[in-house]
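Chain by chain, the residues:
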Amino acid sequence: MALPKDVPVYNRRDRFDPVPELAELRARCPVLRTELHAGPSSQVVGWLVTGIEESREVLSDMERFTTLPPADTEAQSRRLQNIGNLLHYDPPDHTRLRKMLNPEFTMRRLRRLQPRIDAVVEECLDTMEETGSPADLMQHFAWQIPGQTACDLLGVPQDDRAELSRQLDITRDDGRGRARQMAAGRAFRAYFQQLSVRERRDPGDDLLGMLVREFGDDITDEELEGLAASLTSAGIENVAAMLGLGILVLLEHPDQLALLLDRPELIDRAVEELLRYVSVIPTLSPRTALTDVPLGGQVVPKGERVVCSAFAANRTAAPGGPSKDGFDITREPAPHMAFGHGVHYCIGAPLARMQLRSAYLALWRRFPKLRLAVPHEEIRFRMPSSRNYSVDTLPVAW
Ligand code: HEM
């Protein structure tokens, strides 16, 4: 398959597998000074970390690494689109905001959403049945489930959901041009501004209502709307990518799929293995060294960028342990980096797992003969230059 030139080498892959350059780096040079892709058309020199231990060191060290860009001023770092997005905060502000959200993301609290998630999954399957085979699984299934779940969590009224989803579609459609994508991004954010105003006035029984009731005086209006917008987009895009790619991996490994359908109690392991194997976020947000930091036998100078490859870490076998290149749902569960590591570890991980568990099993319960409706080679993967690894369409038949 032809690999796009505008995607940095560390984010390129051959379907699900790392390109040989990444595998070689991981083995020979866990911390490498190289050209990093720093935006749609700019390169900066920085550090690529492919070693698992070195990545953990970077991601858990909040005193010596920040997620803010180098030499950023307070004014720049709090650009409007970043306000409320936890990934753009360091402690103590990160700790303050995350503490407000944590109680809403415990398994105990999230469990109330499970019946609704199961119902949304069944509604999607009903629609697919009504529409008839073949159908695009991304459109009818993979985007719908996290879309409805995130809106339920945040308290987005039913009537507003279609328009919100349309704006989100435009932001990820590179064919529409940068200006339209940015305008859709602003409209998406503006929607959450209005919703936050409404929730301030009349807090509902949802996440935004809870934030207003419990912490209304400790959180600014911009933070509230930014939290809502970033939770929604992070929650939808990554789960959708994991649904699409996870289903494709299972279709391409019929022995593993048969094992899962025969022993559905393996679903938790299967979900973890899919998260590890697919690694929809191949490289985590860049960090910046706040001081000179010794790392993997090198010294990262103060002010330089560091990018950790979760994908490389997820494919690294423990010394003397089994290879991590293959897909095996009976694998002994081991920590992976698909949800990141350290203080920015994905807050939505339990909610993502709930959706994946429910959706993978229900899909095959309804359509036991599910198959791709086009040859494997025709599936086009979306290489991430800044976002996640995914497919735009996944035509299936049953
Ligand atoms: C399979 C689905 C998901 C994957 C693979 C995923 C992956 C990740 C990763 C890798 C990070 C850390 C990024 C970094 O350190 O640079 C992260 C952070 C985050 N994720 Fe997720 N995520 C998923 C689902 C969700 C969901 C469902 C939500 C919310 C409803 C969510 C909200 C967030 C937020 C708010 C952060 C920032 C946390 C912080 O900075 O403290 N994610 N996610």
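Coordinates for the structure precede this section.
As a starting point, this report considers the structure included with it. Just so we're clear, the structure is a prediction, and the values are computed from it rather than from any experiment.

### Thoughts on the sheet that holds strand E6 (residues 135-136)
- On the basis of which strands lie adjacent, the open sheet formed by three strands has the order E6-E14-E11 and antiparallel pairing. The open sheet terminates on both sides in strands that have one partner only, identified here as E6 and strand E11 (371-372).
- Taken together, the two bridges between E6 and strand E14 (residues 395-397) define a ladder with antiparallel strand orientation. Within E14, the position partnered with Ala135 by the bridge is Val396.

### Structural notes on the state of the cysteines
- Tallied over the full model, the rule gives zero disulfides.
- For Cys29, which is in no disulfide, the shortest distance to another cysteine sulfur is to Cys308 and amounts to 14 Å.
- Taking the relative accessible area as the measure of exposure, Cys29 reaches 21% and is therefore partly exposed.

### A look at the sheet that holds strand E3 (residues 31-37)
- Spatially, the five strands line up as an open sheet ordered E3-E4-E10-E7-E5, and their pairing is mixed. The sheet is open, and its two edges are formed by E3 and strand E5 (65-66), each paired on a single side.
- In the packing of helix H2 (residues 52-60) onto the sheet, the strands contacted are E3, strand E4 (43-49), E5, strand E7 (287-289) and strand E10 (305-308), and the crossing angle to E10 comes to about 125 degrees.

### A closer look at the pattern of salt bridges
- Summed over the entire model, instances satisfying the criterion amount to 30 salt bridges.
- Close ionic contact of Arg366 with Glu129 constitutes a salt bridge, the shortest N to O distance being 2.7 Å. Residue Arg366 is found in helix H16 (residues 349-366), and its partner Glu129 is found in helix H6 (residues 114-131); the two are separated by 237 residues along the sequence.
- A residue is classified by how much of its surface remains accessible, and Arg366, at 21% relative accessible area, is partly exposed.
- Residue classification places Glu129 among the partly exposed residues on the basis of a relative accessible area of 45%.
- With a closest N to O distance of 3.9 Å, Arg315 and Asp325 form a salt bridge.

### Comments concerning the coordination of the iron atom of the ligand
- Its sole protein donor being Cys346 (SG), the iron atom of the ligand sits 2.3 Å from that atom.
- Note that Cys346 resides in the loop between helix H15 (310-314) and H16.

### A few points about the side chain of Glu223
- Mapped onto the elements of the fold, Glu223 is located in helix H12 (residues 221-252).
- Classification of Glu223 by relative accessible area gives buried; the value is 8%.
- At a separation of 2.6 Å, a polar atom in the side chain of Glu223 contacts the side chain of Arg96.
- Filtering out sequence-adjacent residues up to four positions away, Glu223 remains in contact with Ile83, Gly84, Tyr89, Arg96, Leu97 and Asp218.

### What about the side chain of Thr50?
- Relative to the elements of secondary structure, Thr50 occurs in the loop between E4 and H2.
- Other than its neighbours up to four places away in sequence, Thr50 contacts Leu22, Leu25, Arg26, Cys29, Pro30, Ser309, Ala312, Ala313 and Thr316.

### Examining helix H4 (residues 93-101)
- Taken as a whole, H4 has its buried residues at His94, Leu97, Arg98, Met100 and Leu101. Projection of H4 onto a plane perpendicular to its axis shows the buried side chains occupying an angular sector of 155 degrees, all on one side.
- On its buried face, H4 is in contact with helix H11 (207-215) and H12.

### A closer look at the environment of Cys29
- Mapping Cys29 onto the fold places it in the loop between helix H1 (20-28) and E3.
- Here the alpha-carbon distance between Cys29 and Val49, two residues 20 residues apart in the chain, equals 8.5 Å.
- Cys29 has contacts with Glu24 and Thr50, leaving out every residue within four places of it along the chain.

### A short note on the environment of Ser55
- Positionally, Ser55 belongs in helix H2.
- Residue classification places Ser55 among the buried residues on the basis of a relative accessible area of 0%.
- Measuring from C-alpha to C-alpha, the distance between Ser55 and Ala362 comes to 36 Å, with 307 residues separating the pair along the chain.
- Those residues in contact with Ser55, other than ones at most four positions away along the chain, are Val49, Cys308, Ser309 and Met337.

What counts and what doesn't
Residues numbered from 1 in each chain as written. Predicted model: local features only at pLDDT ≥ 70, side-chain atom pairs only at ≥ 80, totals over all residues. Heavy atoms only, no water. Pairing = 2+ DSSP bridges. Helix = DSSP H or I, 4+ residues; strand = E, 2+ residues; numbered from the N terminus. Disulfide = S-S within 2.5 Å. Buried < 20%, exposed > 50% of the residue type's maximum accessible area, 1.4 Å probe, protein only. Contact = heavy atoms within 4.5 Å. Axes fitted to C-alpha atoms, helices over the stretch in contact; angles between N-to-C directions. Salt bridge = Lys/Arg side-chain N within 4 Å of Asp/Glu carboxyl O. Donors = N, O, S within 2.8 Å, 3.2 Å for Na, K, Ca; no water. Polar contact = N/O pair within 3.5 Å; in protein donor to acceptor, adjacent residues only side chain to side chain. Arc of directions from axis to C-beta.

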